[in-house]
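For reference, the chains in residue letters:
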Amino acid sequence: MEDLVVGKYLVKTDRYYTKDHEWVLVKGNRAWVGITDYAQRELGDIVYVDLPSVGEEFESGDTIANVESVKSVSPVYAPLSGRVVEANEVLNDEPAMINESPYEDGWIALIELADVSEVEDLLSPKEYAEILAELILEEKGERVSLQIPEEEIPAVEEPLEALPEEELRYEEKER
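### What about the overall build of the chain?
Step number 1: Along the backbone of the chain there are four helices and 11 strands.
Step number 2: Burial statistics for the chain: of 175 residues in total, 40% are counted as buried.
Step number 3: Across the chain, the fraction of contacts at a sequence separation of at least 24, relative to all contacts at a separation of at least 6, is 62%.
Step number 4: Surface accessibility of the chain: about 11000 Å² in total, with carbon and sulfur atoms responsible for 44%.

See below:
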């Protein structure tokens, strides 16, 4: 699936998202964590990143890092529970890498997941894009285009009315 564009913001379709604008790229029992294109643009020029330590453990929702920009300091929340196995040390010398490449070179931490099933609680790219479009309308008063490719829906060969009742495989139950 192609990446989504919400107004001027990129939403990568190969990862999951949070309402707090973190992204997660899951591969097996490990996940890369970073902030979204929207988050980095809202922060402005990033000048410092307080990275987590390798071996540090976090529960979903804990502050895993802090990102300092010319505007403010913002927490980055752990989208999933786990242990940090790598921090992106490049950000110590080049914090602006998050502005330049939020989804690739600007990742913040790699965590080993404590419970892979927590991924089910995250937003899909489509869900995040829809929330982002609403947020932009509320905060900036701008309507943005939201181009989401329709998933292929298999064609129905016969309408339900054409099937004999015994083939519908349900029974009307009293409530």
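### Describing the pattern of salt bridges
Step number 1: All chains considered together, the criterion is met by seven salt bridges.
Step number 2: Glu104 is the salt-bridge partner of Arg15, the closest N and O atoms lying 3.7 Å from each other. Pair noted here: Arg15 is in the loop between strand S2 (9-11) and strand S3 (16-17) and Glu104 is in the loop between helix H3 (97-100) and strand S11 (109-113), with a separation of 89 residues, a long-range link.
Step number 3: Close ionic contact of Asp37 with Arg41 constitutes a salt bridge, the shortest N to O distance being 3.1 Å. Of this pair, Asp37 and Arg41 both sit in helix H1 (residues 37-43), four residues apart, roughly one helical turn.
Step number 4: Residue classification places Asp37 among the buried positions, given a relative accessible area of 6%.
Step number 5: Here Arg41 falls in the partly exposed class, since its relative accessible area comes to 39%.
Step number 6: A single network of salt bridges, built from pairs that share partners, joins Asp3, Lys12, Asp14, Arg15 and Glu104.

### Concerning the environment of Lys19
Step number 1: On the secondary structure map, Lys19 appears in the loop between S3 and strand S4 (22-27).
Step number 2: Along the chain, Lys19 and Leu122 lie 103 residues apart, while their C-alpha atoms are 8.6 Å from each other.

### Focus on the nonpolar core
Step number 1: Grouped together as the largest cluster of nonpolar side chains are 27 residues, with contacts concentrated most on Ile35, Ile64, Leu80, Ile108 and Ile111.
Step number 2: Residues Tyr9, Val11, Val85 and Ala133 belong to the second largest nonpolar core, which totals 19 residues.

### A look at the sheet that holds strand S5 (residues 30-35)
Step number 1: Strands sit in the order S3-S4-S5-S11-S10-S7 across an open sheet of six strands; the sheet is antiparallel. Because the sheet does not close on itself, it has two edges, and the strands there are S3 and strand S7 (57-58).

Calculation rules
- Residues numbered from 1 in each chain as written.
- Predicted model: local features only at pLDDT ≥ 70, side-chain atom pairs only at ≥ 80, totals over all residues.
- Heavy atoms only, no water.
- Helix = DSSP H or I, 4+ residues; strand = E, 2+ residues; numbered from the N terminus.
- Buried < 20%, exposed > 50% of the residue type's maximum accessible area, 1.4 Å probe, protein only.
- Contact = heavy atoms within 4.5 Å.
- Areas by Shrake-Rupley, 256 points an atom, 1.4 Å probe, with all protein chains shown as cover.
- Salt bridge = Lys/Arg side-chain N within 4 Å of Asp/Glu carboxyl O.
- Core = buried A, V, L, I, M, F, W, Y, C linked by side-chain atoms within 4.5 Å.
- Pairing = 2+ DSSP bridges.

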